[in-house]
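Coordinate inspection notes
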Amino acid sequence: MNNVKLGRQARSVSIVGVGCTPFANFEDHPQTKGMSEGDAFGYAALEAIRDAGLEPRDIQYFYHGAANPFMIGDSLTPNMQVADWFGVRGIGSVHHSEACCTGYVALQEAVQAVASGSYDVVLSGAVDLAASLPVVDAPGCFRRDFPLSEMLPSIPKVYDRAYGRPFDSAFGISFDNWINRYRWEFDLTDDQVDDALNGLAKSLRRGAKANPLGFYDEDFDDVARKAGLSGADEFLKSFGNPKVTQYLRVTGFETKCDGAAAIVVMPTELAVARGLDHKVVEVLGTGAAAFEGSTPDNEYNGTKEGTRQVYEYTGVTPDEIDLLMVNDFFLCGDIVSAEEVGYVPRGEAWRYAVDGRFAFDGDKPINPHGGRCNFGHAHGASGIADIYEAVRQMRGEAGATQMAKVPQTTFLRGFGGGQNIRCQILRTVD
């Protein structure tokens, strides 16, 4: 592999505003019922603009992200279609799509636009109504069910078709490949892997239950009581939560939902000079890699390369990381990523998971909001929802799931489409 030498940014860039909708099935949620994608993007964008102490007229350029705008949104060039929803008609914008890594790329693109000097105030957001499909040629507020029979054929479209596509969408490679490698490297049993994944599920679901924007309002003890079981441990190993791959149970997969999130960035010097009533969060740098989706070890290799780049670029060391955010649309990603970025010692992440140390109130929190399997996964919007959570934690504004030690430095590991990787480091400005 050729190592990438990253050039320096011309100026420092910071996040000054964040916004996020509830992550829910919009038609089932009283706050979001009847919302279109334009509504949702505008909701998140206006919240981020207000959070930054700005008005829509202050935004000079914006980015719009969605994982699959044609299928899920029945639209092309959706950036132009959402501009009126938050008062920025006529300003420059662009749409982009990097599958479930879209939200992390959204941050990278906004930072580069400001770091280059092209703009001073940029908004970047993403939206996916991933729990339903549009009614074609009808107004955007009309949605219909999204059955597996329509979802599964779309997944192979993220893979190279020059010589055909894998019929199974490379599921086996994506889901179990890295945790299987990990299991054999550290001589773990099936039961130890199962205990680790179930321990992680318990921790993350507690965070999602306590988060007002999260999909679930009950933890696994609540679920167990309803099923007449003794507690979370019994439920997680019961017939109600079967294994669907070699290692992953039902609770180890993403919870598909609707959602949108947005951020506002500006030069750090300008952000500090404005005297905001909350902390300014600087984006220190991004490491990037991409491996075609059916490539063996693609998530591992991408994370390894992205991590190398961002540590080299920023000069940050792993022992400085206070919080880790991981795109975990299958749960084992939290365990293996935690070790690859140096957040916990090699061979120990599975024990941390069993012991509950990755919970928001543990000593090594991962995804305090619950992650993709518990907070909810709105495809392209989820990466920015991670950034929203990280910024709120770093400001000390995360409410019931606020970490005991307010984090100063956060590592973001984004992954999407079975191929796109972004590794980013945020730090509060003193």
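Data block above holds the structure.
Residues numbered from 1 in each chain as written. Predicted model: local features only at pLDDT ≥ 70, side-chain atom pairs only at ≥ 80, totals over all residues. Heavy atoms only, no water.

With that settled, the discussion passes to the overall build of the protein chain. Broken down by element type, the protein chain carries 15 helices and 11 strands. For 430 residues, the compact-globule formula gives about 22 Å, and the C-alpha radius of gyration of the protein chain, at 20 Å, lands near that figure. For the C-alpha atoms alone, the extent of the protein chain along its principal axes is close to 55 × 50 × 50 Å. Here the protein chain holds 430 residues, and the buried ones make up 58% of them. Summarising the internal contacts of the protein chain: among those between residues at least 6 apart in sequence, 74% fall at separations of at least 24. Only carbon and sulfur atoms are counted for the fraction: they give 51% of the accessible area of the protein chain, which is about 17000 Å². Computed over 39 positive and 58 negative side-chain charges, the inter-centroid distance for the protein chain is 1 Å. (Helix = DSSP H or I, 4+ residues; strand = E, 2+ residues; numbered from the N terminus. Rg over C-alpha atoms; globule rule 2.2 N^0.38 Å. Buried < 20%, exposed > 50% of the residue type's maximum accessible area, 1.4 Å probe, protein only. Contact = heavy atoms within 4.5 Å. Areas by Shrake-Rupley, 256 points an atom, 1.4 Å probe, with all protein chains shown as cover. Lys, Arg positive; Asp, Glu negative; His and termini not counted. Charge placed at Lys NZ, Arg CZ, Asp CG, Glu CD.)

This brings us to helix α11 (residues 298-314). At 3.6 residues per turn, the α-helix brings residues three or four places apart onto the same side. Over its 17 residues, α11 runs 24 Å from end to end, which matches the ideal 24 Å to within 8%, given 1.5 Å per residue. Most of α11 is tucked away, with 12 of its 17 residues classed as buried. Looking at α11, one finds that the buried residues are N298, E299, Y300, G302, T303, E305, G306, T307, Q309, V310, Y311 and Y313. G315 sits one or two positions beyond α11 and adopts a positive phi of about 80 degrees. (Expected span 1.5 Å × (residues − 1).)

Over its 14 residues, helix α15 (residues 382-395) extends 20 Å from the first C-alpha to the last, a length consistent with the 20 Å expected when each residue adds 1.5 Å. One or two steps after α15, the chain reaches G396, where phi turns positive at roughly 80 degrees.

What follows is about the packing of helix α4 (residues 102-115) against α15. Look at α4 against α15: their axes get within 5 Å of each other, and the N-to-C directions meet at 65 degrees. As the angle between them shows, α4 and α15 are arranged roughly perpendicular. Within the contact between the two elements, α4 uses G103, Y104, A106 and L107 and α15 uses G383, I384, D386 and I387. By residue class, the composition of the contact of α4 with α15 is 5 nonpolar, 2 polar and 1 charged. (Axes fitted to C-alpha atoms, helices over the stretch in contact; angles between N-to-C directions. Parallel < 35°, antiparallel > 145°, perpendicular 65-115°, else oblique. Nonpolar A, V, L, I, M, F, W, Y, C, P; charged D, E, K, R; others polar.)

Spatially, β3-β2-β4-β7-β1-β8-β11-β10-β9 is the arrangement adopted by the 9 strands of the open sheet, whose pairing is mixed. In the strand order of this sheet, the two ends are held by β3 (92-96) and β9 (323-326), each with one partner. On average, each strand axis in the sheet is tilted by 25 degrees relative to the strand beside it, whichever way the strands run. Relative to strand β10 (residues 409-416), β9 runs parallel, the two being bridged by 4 bridges. By the bridge assignment for β10, M325 is matched with L412. This element, helix α1 (residues 37-51), spans β1 (13-20), β2 (61-65), β4 (122-129) and β7 (258-267) of the sheet and lies at about 130 degrees to β1. (Pairing = 2+ DSSP bridges.)

A few words on the pairing of β1. Burial analysis of β1 places 8 of its 8 residues in the buried class, which makes it a mostly covered element. Alignment of β1 against β7, held across 7 bridges, turns out to be antiparallel. Pairing of G19 across the sheet is with A262, part of β7. The pairing of β1 with strand β8 (residues 281-290) spans 2 bridges and is classified as antiparallel. Within β8, the residue paired with S14 across the bridge is E282.

Before going further, it helps to spend a moment on the pattern of salt bridges. Counting across every chain of the model gives 27 salt bridges. One salt bridge in this structure joins D386 and R372, with 3.0 Å as the shortest N-O distance. In this pair, D386 is assigned in helix α15 and R372 in helix α14 (residues 371-374), connecting sequence segments 14 residues apart. Exposure class is identical for D386 and R372. Each is buried. In this structure, the salt-bridge partner of E397 is R395, at a minimum N-O distance of 3.2 Å. Taken together, the shared-partner salt bridges connect D51, R392, R395 and E397 into one network. (Salt bridge = Lys/Arg side-chain N within 4 Å of Asp/Glu carboxyl O.)

Let us now look at the packing of α11 against helix α12 (residues 332-340). Remark: α11 packs on α12, axes separated minimally by 10 Å, with the N-to-C direction vectors making an angle of 35 degrees. Regarding α11 and α12, the two cross each other, and that crossing is right-handed. For the pair α11 and α12, the contacting residues are E299, Y300, T303, K304 and T307 in the first and G333, S337 and E340 in the second. (Left-handed = near helix turned anticlockwise from the far one by under 90°.)

The next point concerns the nonpolar core. Membership of the largest hydrophobic core comes to 53 residues, with the highest contact counts inside it found for F358 and F411. Broken down by element, this core gets its largest block of residues, 6 residues, from helix α7 (residues 190-210). Grouped together as the second largest cluster of nonpolar side chains are 41 residues, V13, Y104, C257 and M325 included. (Core = buried A, V, L, I, M, F, W, Y, C linked by side-chain atoms within 4.5 Å.)

Turning to the environment of F41, a few remarks are in order. Here F41 is to be found in helix α1. F41 sits in the buried class, given a relative accessible area of 1%. F41 has contacts with F62, Y63, H64, V82, F86, L123, G125, A126, V127 and A260, leaving out every residue within four places of it along the chain.

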